[in-house]
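A closer look at the structure
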Amino acid sequence: MSIPLLETYRRVFSQRLTRFEIARVIGIRALQLAMGSPPLIEMTSVKVYDPVYIAILELINGVLPMSILRPSGVGGHELVPVNRLITPEIRKYLESILASWSTGLGI
């Protein structure tokens, strides 16, 4: 018996962000910051003033008011808040990116 593709997707990815969604969320937020949007985190503790770096920090801290449109049910869709989809593994991955970014810049 074969499991439908949508059901497999829902079972595997319903509780976390995919790598494509992570890239999209960070890219959208970094563009907003580059265009002058105010940061949603306290900037006094930030080491690097790069829009991508700040967007990753905002994602890790769970302050982004963004949602992902996901398929649900038969032909329906639901908006899932990004903050609900950040798992400890994703958080650790993003923190490692920030750590390597800081050391790579000689800071």
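Within each chain, residue numbers correspond to sequence positions counted from 1 in written order. Local features in this predicted model are restricted to residues of pLDDT 70 or higher, and side-chain atom pairs are both shown and tallied only at a pLDDT of 80 or more, whereas totals for entire chains, interfaces and linings draw on every residue. Excluding hydrogens and water, the side-chain figures rest on all heavy atoms present in the structure.

**Here we look at the packing of helix α2 (residues 19-34) against helix α3 (residues 51-61)**
Convention followed: For helices, the fitted axis covers only the stretch in contact; all axes are lines through C-alpha atoms, and the angles between them, taken along N-to-C directions, range from 0 to 180 degrees. For the purposes of this entry, the term helix denotes a DSSP run of H or I that reaches at least four residues, the term strand denotes a run of E that reaches at least two, and both are numbered from the N terminus. Roughly parallel here means an angle under 35 degrees, roughly antiparallel means over 145, roughly perpendicular means 65 to 115, and every remaining angle is called oblique. In this scheme the handedness of a crossing depends on how the near helix is turned from the far one: anticlockwise by less than a right angle means left-handed, clockwise means right-handed. Any two residues whose heavy atoms approach within 4.5 Å at even a single point are treated as in contact. Under the grouping applied here, Gly and all other residues not named as nonpolar or charged are polar, the nonpolar ones being Ala, Val, Leu, Ile, Met, Phe, Trp, Tyr, Cys and Pro and the charged ones Asp, Glu, Lys and Arg.
Packing of α2 against α3 leaves a shortest axis separation of 8 Å and a crossing angle of 120°. Comparing the axis directions of α2 and α3 gives the class oblique. The chirality of how α2 crosses α3 is right-handed. Between α2 and α3, the contacting residues are Ile22, Val25, Ile26, Arg29, Ala30, Leu33 and Ala34 on the first element and Pro51, Val52, Ile54, Ala55, Ile56, Glu58 and Leu59 on the second. Its residues placed into classes, the contact of α2 with α3 shows twelve nonpolar, no polar and two charged.

**Concerning α2**
Keep this limit in mind: For a helix, the expected span equals 1.5 Å multiplied by the number of residues minus one. Relative accessibility decides the category of a residue: with a 1.4 Å probe and only protein chains considered, values under 20% of the type maximum give buried, values over 50% give exposed, and everything between is partly exposed. Throughout, the arc means the angular range of directions from the helix axis out to the C-beta atoms.
Its 16 residues place the ends of α2 22 Å apart at the C-alpha level, agreeing with the 22 Å of an ideal helix rising 1.5 Å per residue. Of all the positions in α2, only Glu21, Ile22, Val25, Ile26, Arg29, Ala30 and Leu33 are classed as buried. Looking down the long axis of α2, one finds its buried residues gathered within 160° of arc, a one-sided arrangement. Pointing more than 90 degrees away from the buried face of α2 are the exposed residues Phe20, Arg24, Leu31 and Ala34. Count one or two residues on from α2 and you reach Gly36, which has phi positive near 110°.

**With respect to the pattern of salt bridges**
When the charged atoms of two side chains lie near each other, side chains of opposite charge can form a pair. Our working rule: For salt bridges, the criterion is a side-chain nitrogen of Lys or Arg within 4 Å of an Asp or Glu carboxyl oxygen.
Evaluated as defined, the whole model comprises two salt bridges. Between Glu21 and Arg70 there is a salt bridge, and its shortest N-O distance comes to 2.6 Å. Here the residue Glu21 occupies a position in helix α2, and Arg70 occupies one in strand β1 (residues 67-72), the gap between them amounting to 49 residues. Take Glu21: its relative accessible area is 12%, and that puts it in the buried class. Residue Arg70 is classed as buried on the basis of its relative accessible area of 4%. When the shortest N-O distance is used, the salt bridge between Glu58 and Arg29 registers 2.5 Å. Taken together, the residues Glu58 in helix α3 and Arg29 in helix α2 connect sequence positions 29 residues apart. Neither Glu58 nor Arg29 differs from the other in exposure class; each is buried.

From the geometry alone we can't say anything about function, so treat these as descriptive.
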